[in-house]
Amino acid sequence: PPPAEKYEYQAEVSRLMDLIVNSLYSNKEVFLRELISNASDALDKLRYLSVTEPQLLKDAVDLNIRIQTDKDNGRITIIDSGIGMTRQELVDCLGTIAQSGTAKFLKAVKESKDAGTDNNLIGQFGVGFYSAFLVSDKVVVSTKSPKSDKQYVWEGEANASSYTIREETDPGSLIPRGTRLTLYLKRDDKGFAHPERIQKLVKNYSQFVSFPIYTWQEKGITKEVEVDEDPVEAKEDGQDENTEKKKKTKKVVERFWDWELANETQPIWLRNPKEVTTEEYNDFYKKTFNEYSDPLASSHFTTEGEVEFRSVLYVPAVAPMGKDDIINPKTKNIRLYVKRVFISDDFDGELFPRYLSFVKGVVDSNDLPLNVSREILQESRIVRIMRKRLVRKAFDMILGISMSENRGDYETFWENFGKHLKLGCIEDRENHKRLAPLLRFFSSQSEEEMISLDEYVENMKPEQKDIYYIAADSVTSARNAPFLERLLEKDLEVLYLVDPIDEVAIQNLKSYKEKNFVDISKEDLDLGDKNEEKEKVVKEEFGQTCDWIKKRLGEKVASVQISNRLSSSPCVLVSGKFGWSANMERLMKAQTV
Ligand code: ADP
Ligand code: MG
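Everything numeric here is computed off the predicted structure, so don't read it as measured data. (Residues numbered from 1 in each chain as written. Chains lettered and ligands numbered in written order. Predicted model: local features only at pLDDT ≥ 70, side-chain atom pairs only at ≥ 80, totals over all residues.)

**A short note on the sheet that holds strand E3 (residues 75–80)**
Taken in spatial order, the nine strands line up as E1-E6-E5-E4-E7-E3-E2-E8-E9 in an open sheet, and their pairing is mixed. If you trace the sheet from one side to the other, it starts and ends with strand E1 (5–8) and strand E9 (248–261), each paired once. The mean inter-strand angle of the sheet, taken between neighbouring strand axes irrespective of direction, is 25°. With seven bridges joining them, strand E4 (residues 136–144) and strand E5 (residues 151–157) adopt antiparallel strand pairing. Bridged to Val 140 within E5 is Glu 155. Contacts from helix H2 (residues 30–52) reach strand E2 (65–70), E3, strand E7 (178–185) and strand E8 (213–227), with the element oriented near 20° to E3. Sitting on the sheet, helix H6 (residues 195–205) touches E2, E3 and E8, and the angle it makes with E8 is about 125°. (Pairing = 2+ DSSP bridges. Helix = DSSP H or I, 4+ residues; strand = E, 2+ residues; numbered from the N terminus. Axes fitted to C-alpha atoms, helices over the stretch in contact; angles between N-to-C directions. Contact = placed C-beta atoms within 7 Å.)

What follows is the structure, encoded as structure tokens:
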């Protein structure tokens, strides 16, 4: 046979392996989940391709995962009948990691270490395969892709800077298609090779994998076997010699090894919502999306009629890591299935608008073609209808959180995803009615706890027509703005818009429950308390002073006017009715710098 060829790992990989093995995980067990999820991905890929190329299945129709343990030698073998890898794919997939992924991963590692947490980083960053080295000294991957007529063996050892690839030559090791991965466990980790231990781990971690997972288990069948009566006893029992000889039976246990199904393969979204517990929904969420915390809310529904699909949606309890890509439409948060076949999780606004891209979930449709492509998704009428329904359900779910008895739930939500909803006010006119009640702001009467627009409206004075707001960079500077004086004096509540995006969002909404939003820093603020007599007198008295100030300031101001909106400050700078507010001006400046 040709000799094994030696390859160096991409530099990041060896650094990463070192990190994973030596410092990161107290919870080594995750290796099994990662390897099973790779097997499941490989089966998904095959099933998907076989829709258009059925001949791919010809050599082995069964799509499953089998795990065999050898406790005497401390080995675990994981076999899948999935898509396998070609020689080049072995090099590309197991010897390199996408640059960006690596950088992010290393950064997150550092952050999580600083925070002293033991996060589930492996799954999030697509470096799952290397978790095999958490428990193994050596890993051997023998794999056969339907694209290649040869089977190849990848072999790597912990803490090594290189790996080898050779052709599989042992006839007993040839497989029709797929991957067989053998772990040579470290001395201290040989315990994982106990069949019962593996069975338990699979049940725990991979309950929702949609392919059958079998583990190799020792079983026993109890059989009743007939035994001849003891001849001595028979003799002593002389009197009964004529009666029929009694037959005795004995129970014996016959031991043998066989594959045992370890998981349930009925997907959760096909089950009756009445029969699924919250815990099961949460487990499904955590396992499907590699999350450690329970979601804030979930929603399981079926739509019928024009378009039929089933879906389970979730609102996460934590925002994704990496604040820079806070509003990232390419999140892999929605997994699309067609007739239970996984199609894609790579969407760019087709199923959810980008401001709702934080919603996670699965969608299974019977109406889309199995070979649905990006282009089809973008143009499909069915997808448009689905999107509408999904968005509505997502809003229902968020509204549900806002009405929860536990006010803290919505506070958590708002802290994580409030920005997204404000972006929605700007981008999605059609859903203003759904978005507005979900917004939260501080106000002159509630500086500690945010209030909703409904709460504001309830608190309005009988004669008050508008919703007042002021934009500032903090609650403190909003509170100290001179514009506020008159309104406070009249006990009118003013919303404090302290997030840069707030003002734009509010301006897009324009009104709420037929009440206009009014910026109290604009020049024509009308509090409905004009006293013409008094104004005339004041004008006569200070008209010349105004002219003089305007002359002195020249181009620096548009005009100098007598105002009825101050009570204790001598003067205030306001923006023109059609001009930018001071806050907007600050924002625009910040953007152009
Ligand atoms: P991820 O699964 O996030 O892509 P991994 O490190 O877990 O990252 O795996 C790297 C790649 O190796 C996979 O994307 C896949 O292409 C390939 N791979 C891993 N395991 C298998 C397998 N059992 N069958 C086929 N390909 C696999
Ligand atoms: Mg993986």
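**Notes on the sheet that holds strand E14 (residues 360–365)**
Strand order across the open sheet formed by five strands is E10-E11-E14-E12-E13, with mixed pairing between neighbours. The outermost strands of the open sheet, each flanked by one partner alone, are strand E10 (297–303) and strand E13 (341–344). Taken pair by pair, the neighbouring strands of this sheet meet at an average axis angle of 20°, ignoring direction. Sheet strands touched by helix H8 (residues 278–289): E10, strand E11 (309–315) and E14. Its angle to E10, the strand with the most contacts, is close to 95°.

**Topic: the environment of Asp 499**
Within the secondary structure, Asp 499 is located in the loop between strand E18 (494–497) and helix H16 (500–509). Judged by the 15 C-beta atoms lying within 10 Å of it, Asp 499 is partly exposed. Along the primary structure Asp 499 and Phe 441 are separated by 58 residues, whereas in three dimensions their C-alpha atoms are 9.3 Å apart. (Buried ≥ 20, exposed ≤ 12 C-beta atoms within 10 Å, placed from the backbone.)

**Overview of the confidence of the model for the protein chain**
On average, residues of the protein chain carry a pLDDT of 85, and 85% of them reach 70 or more. Looking across the protein chain, the model is least confident in helix H5 (residues 121–124), with a mean pLDDT of 50, and most confident in E3, with 98. Reported for the predicted complex are a pTM of 0.65 and an ipTM of 0.99. (pLDDT = per-residue confidence, 0-100.)

**Things to note about the packing of helix H11 (residues 407–427) against H16**
Interhelical geometry of H11 versus H16 gives an angle of 40° and a closest axis separation of 8 Å. Here H16 runs oblique to H11, going by the angle between their axes. For the pair H11 and H16, the crossing hand works out as left-handed. Facing H11, whose interface residues are Lys 419, Lys 422, Leu 423, Cys 425 and Ile 426, H16 presents Ile 501, Asp 502, Val 504, Ala 505, Asn 508 and Leu 509. (Parallel < 35°, antiparallel > 145°, perpendicular 65-115°, else oblique. Left-handed = near helix turned anticlockwise from the far one by under 90°.)

**A few points about the pairing of E18**
Residues Val 494 and Tyr 496 line one face of E18 and the alternating positions Leu 495 and Leu 497 line the opposite face, and both faces are buried. Judged from the two bridges that link them, strand E15 (residues 441–443) and E18 form a sheet pairing that is antiparallel. If you follow Ser 443 over to E18, its bridge partner there is Leu 495. The pairing of strand E17 (residues 467–471) with E18 spans four bridges and is classified as parallel. Note that in E18 the partner of Ala 471 across the bridge is Leu 497.

**Quick word on H16**
Residues of H16 that are buried include every one of Asp 502, Glu 503, Ala 505, Ile 506 and Leu 509, and no others. Looking straight down H16, one finds its buried side chains confined to an arc of 165°; they lie on one side. Looking one or two residues beyond H16, the residue adopting positive phi is Lys 510, at roughly 70°. (Arc of directions from axis to C-beta.)

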